[in-house]
Structures are given as C-alpha cells and as structure tokens.
Amino acid sequence: MNAAASPSSATSGRPVRHGRRFPFFLTVALAWLLGVAATAHAQPSIPQPETPAARPPVVTPGGATTARGAGAESGAAGAANAAKAPGTPFKLNIGLEGTGERGEVSVALQIVMIMTLLSVAPSIVLLMTSFTRIVIVLGFVRTALGTPSAPSNQIVVGLSLFLTFFLMGPVFDRVQAEALRPYLDGQITSLEAIDRATVPLKQFMLKQTRTRDVEYFLQLGGYGPTAVKDLPMRVVIPAFVISELQTAFQMGFLLFLPFLVIDFLVSSVLMALGMMMMPPVTVALPLKLLLFVLVDGWHLVVRSLVQSFGA
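These figures come from a predicted structure and were not determined experimentally.

A. Structural detail: a nonpolar patch on the surface. Residues V107, I111, I114, M115 and L118 make up a contiguous nonpolar surface patch of about 470 Å² in total accessible area. For I111, the location among the structural elements is in helix 4 (residues 107-119).

B. Focus on the pattern of salt bridges. In total, this model carries three salt bridges according to the counting rule given. With a shortest N-O distance of 2.6 Å, E244 and R133 are connected by a salt bridge. One end of the pair, E244, is in helix 11 (residues 233-272); the other, R133, is in helix 6 (residues 131-145), with 111 residues separating them in the sequence. For E244, a relative accessible area of 0% corresponds to the buried category. We note a salt bridge from D263 to K288, for which the minimum N-O separation is 3.0 Å. Separated by 25 residues along the polypeptide, D263 in helix 11 and K288 in helix 12 (residues 280-294) bring together distant segments of the chain. In this structure D263 comes out as partly exposed when scored by relative accessible area, which is 26%. Exposure remark for K288: the relative accessible area of 8% places this residue in the buried category.

C. Structural detail: the packing of aromatic side chains. Evaluation of the coordinates by the stated rule reveals eight aromatic pairs. A centroid spacing of 5.2 Å and a plane angle of 80 degrees characterise the contact between F140 and F249, whose relative ring orientation is edge-to-face. On the criterion of sequence distance, the pair formed by F140 in helix 6 and F249 in helix 11 is long-range, its members being 109 residues apart. Since its relative accessible area comes to 48%, F249 is described here as partly exposed. Members of the aromatic cluster, connected to one another through ring pairs, are F140, F249 and F256.

Thresholds, definitions, all that
Residues numbered from 1 in each chain as written. Predicted model: local features only at pLDDT ≥ 70, side-chain atom pairs only at ≥ 80, totals over all residues. Heavy atoms only, no water. Patch = residues over 30% accessible without salt bridge, like charges linked within 9 Å, V, L, I, M, F, W, Y side chains within 5 Å. Areas by Shrake-Rupley, 256 points an atom, 1.4 Å probe, with all protein chains shown as cover. Salt bridge = Lys/Arg side-chain N within 4 Å of Asp/Glu carboxyl O. Helix = DSSP H or I, 4+ residues; strand = E, 2+ residues; numbered from the N terminus. Buried < 20%, exposed > 50% of the residue type's maximum accessible area, 1.4 Å probe, protein only. Phe/Tyr/Trp six-rings, centres within 6.5 Å; stacked < 30°, edge-to-face > 60°.

Structural data, given as structure tokens:
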C-alpha cells in the first residue's frame, strides 16, 4: 500500500513534508547572541591602577613634621604644568560688583559712562564750548557776502572746530592736569575726576554767560539764592547757550551793516541810470568781495571772535 500510495501522491502535485523546520531568523539571532557572549567571555579585564599608599611623614631636623603624599605631589605637579602650559587664554570678567574701593563705581558702569560720553561728545563740543558762536558768525559772513556756497559747509565747520580747540586749549589743559592725570595715576576715583573736570568748563561758561540768563533758568528750576560755585550744570549749560546765540546774532548784525550799505548804493545808482531790469546783486557781489579782500576781512572776523572770548 505504501508503494501504491507513493506514486499517487507524487502525481497529485502536493509536496510531501518530511518534518517541521526551525525558523531561519531565529537561528541567525541565536548565533549572534552566542558570538557576543563568547567575545565578552574571552576579553581580558583591564587591571585597575593601584592607589599608592600614603608616604610616611618626614621629620625635618628642626622638629617639624611634613606630610608628603602622592596626592600632594600630584597637585603640585599639576599646578606647575598649568603654570608652564603655553597658550592659556586671557580671560576678562566684567560684573556689576564694585571694585572694592570706596566711592568707585564698577567696571561695567564705567564702560557705560564712557560709551555715553562718546555718543554725546558732539553735543558737548557744540554746546559747552566756543563752537556755537564761531560757526554762527562765520555763517553770517558767508550770507552777508552773498555767496551761500563759498566757503563750503565743511570749511566753515572745520575752521570753527580748530578755532574752538585753540580757544579752549587752556581749559582742556586744566581738565587734564586736575582731573584726567590724577585719575589715570590712581590718585582719585572716577566720580572725583568728573567733579574736577566740570569746574574749568563751568568757569569758562559762566564767564561768557549773562547774569540775567542764569537767573532766568534758576527761576525756572525753582532754585533759591545759589552761590556761583554751587550752580548745577543743568542751569549753566542752557544759560550759556542762550547767551552765545545772543552774542553771535549781535556780531552778525554788525557784519551785515557794511555790505548792506553797498547794496543800497548799487541799487540807487542803477535806478538813477535807468537800469531797473538789471539785478543789483550782479553788480554788488564783486564790490562786496573787493571790499572784503581789501580790508582783510577774514583776519578781522577771526580776531574779533577770539577777542570776544577775552583770550
């Protein structure tokens, strides 16, 4: 029967299963786990370094006992290597803590103050020095001549700036000698340096300021009778600016008078000749320039400006 059944099953097309096979992926996983376990078992263990025993204390001839151990020697060696290591980066820590000195501000606040002074430096030069009066008077000279573009704005501002440095030279020298140099030498604090630097500037501004302007701003600020040395800067600065504007406009009016006379004469002559269609500026401009050059006008203007400050 077996022999008969074998051909029938072969002809039926169905495969004959001879037994249950083990899954392939389980076989691979089991082989991988066995390999990992064998590798870990065969890997030799790394010996740990033994901790050296502390050395016994050494007794010096004087009787003092010095404890020397491996930890102390290693710490000293590490400190020496760190000191000798080249290329150590330079570190700068800036905090809001004080410097430890009485009356001194922190480094961060000093940097903020320096940046603030640099940002308001143009305003300080414009409003607390002789620059205001000089640049206004030079602008009036250019307008009175009838040449709005000659000299140019750069030349007018540059000349005003250098004249300001010339006139303010003694004041700047006092600031350097009384405030800046002692501060750099470490003799005074930054707050004391600021207080000392304001004294020469205040004296210069008060010398050029009218009394009625100072009294006006004292009244606006609600101050009572105040001594000159105790006047605050927020009163002195606006009073000084108002006085400078007043003086500059007065000088400008005096500069306009001779050129205005030339304009009247030219207009009258043209009207008398019947040349009403001819612009008077065309004839007056050369005459103004000729008069300004003959009297050495720039020298007179600069000398008047310098003498107006009492220099």
